[in-house]
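# Reading the structure
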Amino acid sequence: MWSRAGLVGKLSAILAYWAFNVFTRKPMVCRAEGNDLLTLATGTHSDSGTSLLLVSPRYEGVTASWFSPDFWKGRAKPVSSGGRGGAWFVDMEPPGMVLRHYRRGGMMARFAEKTYLFTGFEQTRSVAEFRLLGQLRSLGLPVPEAVAAIAWKYRLFWYRAAILVERIPNSVTFSDSDRLSDESLWAQLGQVIRRFHDNGLNHVDLNCDNILVTGDQLYLIDFDRCKLVPESENETDSAWKQRNLERLQRSVRKRCPGLSPSQRENLWQHLLQAYHRQPSH
């Protein structure tokens with residue numbers, strides 16, 4: 001039988017060993033293998049916590065410093081649309097990158113603008129979005145490629161996160177497109193949204209700023225908190241699909257003031273008609 005003093009001493013030794021390994025271990029890098037699209041690196045940072053860095057194997061030399069706008073000096077310029085003040089265009093070799101720090105919106109931003117409850121690195125927003133982008137690209141869907149993602153754990157229960165994605169060259173947000181009054185653009189958007197929905201993507205923040213237009217192509221961006229719905233739950237009339245469309249319609253009313261109400265309604269009907277049209281195979 002352990003005495004109380006002996007038990008306390010044993011537990012103290014275990015905790016000390018655990019703390020030493022968690023907070024003082026050297027960075028470790030594991031290269032991607034097979035179909036794994038990730039390079040993993042774990043290490044420590046200055047606030048007595050741990051961090052996880054995911055890097056696309058197409059990029060080399062990525063470090064935690066890349067996620068600071070100051071690292072890029074004059075080459076990082078704030079994004080004017082969306083991003084809640086936490087996104088920057090990074091000017092580097094084409095196509096360039098977009099750096100985004102995860103920030104809360106709404107009432108919660110008053111209490112914890114940049115920090116989130118930590119329940120494991122796999123549940124952090126940056127890791128989840130990085131992995132989701134890889135899945136969407138493997139499905140052939142029009143999304144930017146993830147460059148790298150990082151999550152910093154602070155103390156016991158909190159983390160901050162950031163992500164780097166490739167910039168879509170020569171793109172503008174949907175509401176800034178010079179084709180905004182073109183019925184064919186809205187029909188194309190309806191078809192693109194239908195493709196994402198058919199593949200089970202629930203885009204919880206589908207709005208004009210998260211749709212990019214470049215030439216004759218449309219892309220969806222910003223997949224924070226988004227997820228792929230299992231095929232068994234992906235019904236034609238799923239409520240989450242209707243919520244996506246309603247969210248976008250509210251954004252159109254707000255972000256497209258140059259269109260008259262009758263124009264918006266007409267163009268929206270073209271989007272819906274294309275969306276509900278049976279996809280050709």
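Heads up: these notes are all about the structure in this document. (Residues numbered from 1 in each chain as written. Predicted model: local features only at pLDDT ≥ 70, side-chain atom pairs only at ≥ 80, totals over all residues. Heavy atoms only, no water.)

## Comments concerning the side chain of Asn244
The condition that has to hold: Counting from the N terminus, the helices are DSSP H or I runs at least four residues long and the strands are E runs at least two residues long. For this analysis, a polar contact is any N or O atom pair within 3.5 Å, provided that within protein one partner can donate a hydrogen and the other can accept it, and provided that sequence-adjacent residues contribute only side-chain to side-chain pairs. Every residue pair with non-hydrogen atoms within 4.5 Å of one another is taken to be in contact.
Residue position: Asn244 is located in helix 5 (residues 239–255). Looking at Asn244, its side chain comes within polar contact range of the main-chain oxygen of His203, at 2.9 Å. Residue contacts for Asn244: discarding those within four places in its chain leaves His197, Leu201, Asn202, His203, Val204 and Leu206.

## What to know about the packing of aromatic side chains
Which entries qualify depends on this criterion: A pair of Phe, Tyr and Trp rings is counted when the ring centres sit within 6.5 Å of each other, with Trp represented by its six-membered ring. The angle between the planes then sorts it: under 30 degrees is stacked, over 60 is edge-to-face, the rest tilted. Only protein chains enter the accessibility calculation, which uses a 1.4 Å probe; a residue whose area is less than 20% of its type maximum is buried, one above 50% is exposed, and one in between is partly exposed. We call a charge positioned over a ring when the NZ of a Lys or the CZ of an Arg lies within 6 Å of the ring centre and within 35 degrees of the ring normal.
In the structure shown here, the tally under the stated rule is 8 aromatic pairs. Ring centres of Phe67 and Trp152 lie 6.4 Å apart, and the angle between their planes is 90 degrees; on these two criteria the pair is classed as edge-to-face. You can see Phe67 sitting in the loop between strand 3 (49–55) and helix 2 (69–72) and its partner Trp152 sitting in strand 8 (residues 146–154), a full 85 residues away along the chain. Comparing Phe67 with Trp152 shows no difference in burial state: the two are buried. Their ring planes at 85 degrees and their centres at 5.0 Å tell us that Phe71 and Trp72 sit as a pair that is edge-to-face. Look at Phe71 and you get partly exposed, because its relative accessible area is 38%. Members of the aromatic cluster, each reached through a chain of ring pairs, are Tyr116, Phe118, Phe121 and Tyr159. The ring of Phe89 is capped by Arg167, whose NZ or CZ atom sits 3.6 Å from the centre of that ring. In this structure, Arg194 packs its charged tip against the face of Tyr275, placed 6.0 Å from the ring centre.

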